[in-house]
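# Notes for the structure review
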Amino acid sequence: MERGEEWFTRLFAAHFEAVVRYAFRRVFDAGVATDLAQEAFIVAWRRRDDVPVRELPWLYGVARNVIANHRRGKAPPVVPHETSLRAGFEDTSAEMVDVLRAISALPERDQEILRLVAWEELELREAAVVLRCSRSAAAVRLHRARKRLQAALGEYREVECV
């Protein structure tokens, strides 16, 4: 398949918004997320011969690296206050806000596998592509992250009840 401008235009149109959302959920800044997504597509253009048929997981992996480079030497992103978390999701239940808080309290490694499977809606094998690990390793990470999330939710709800 020829990977010229037409291919890239189709790739960009099909996946740019998803990559921006992926970046936004990690940096909590729409402008920065858009810039990071654009950088990821610059890498995709330069490495167009390396892009597999299942493009989106590969693009998420590139975006993950771009975000990591962006964060080097900077303070970690600040998780928005509950009001910001709920912006655009006013009908979101209090339970969902609890889940968002609990996820933000987990180590980044756990947050990433949970986001990939739940928010980015990737299959385990696709999440493994993003994380550059085997499917088995991704399955173990997901299992452990879910256990930690359950524990964090339990601890958070116990504090709320006191």
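Here we summarise the structure given alongside this text. (Residues numbered from 1 in each chain as written. Predicted model: local features only at pLDDT ≥ 70, side-chain atom pairs only at ≥ 80, totals over all residues. Heavy atoms only, no water.)

## Here we look at unusual backbone geometry
Even without glycine at this site, phenylalanine 28 takes up a positive phi of about 55°. Structurally, phenylalanine 28 can be placed in the loop between α1 (5-27) and α2 (30-46). (Helix = DSSP H or I, 4+ residues; strand = E, 2+ residues; numbered from the N terminus.)

## Details of helix α3 (residues 55-71)
An ideal rise of 1.5 Å per residue puts 24 Å on 17 residues; α3 measures up with 24 Å between its terminal C-alpha atoms. For α3, the complete set of buried residues consists of Glu55, Leu56, Pro57, Trp58, Leu59, Tyr60, Gly61, Val62, Ala63, Val66 and Ile67. For α3, the elements touching its buried residues are α1, α2 and α7 (124-131). Of the residues trailing α3, glycine 73 is marked for its positive phi of about 80°. (Expected span 1.5 Å × (residues − 1). Buried < 20%, exposed > 50% of the residue type's maximum accessible area, 1.4 Å probe, protein only. Contact = heavy atoms within 4.5 Å.)

## Description of the packing of aromatic side chains
Inspection of the entire model under this criterion finds 8 aromatic pairs. Measuring from ring centre to ring centre gives 5.4 Å for phenylalanine 8 and tryptophan 45, while their planes differ by 75°; the resulting arrangement is edge-to-face. In this pair, phenylalanine 8 is assigned in helix α1 and tryptophan 45 in helix α2, connecting sequence segments 37 residues apart. Relative to tyrosine 60, the ring of tyrosine 22 has its centre 4.7 Å away and its plane inclined at 15°; by these criteria the two rings are stacked. (Phe/Tyr/Trp six-rings, centres within 6.5 Å; stacked < 30°, edge-to-face > 60°.)

## Observations concerning the nonpolar core
Counting 43 residues, the largest nonpolar core has Val19 and Tyr60 as the members making the most contacts within it. If you list the elements that add at least two residues to this core, you get α1, α2, α3, α5 (94-105), α6 (108-119), α7 and α8 (135-161). (Core = buried A, V, L, I, M, F, W, Y, C linked by side-chain atoms within 4.5 Å.)

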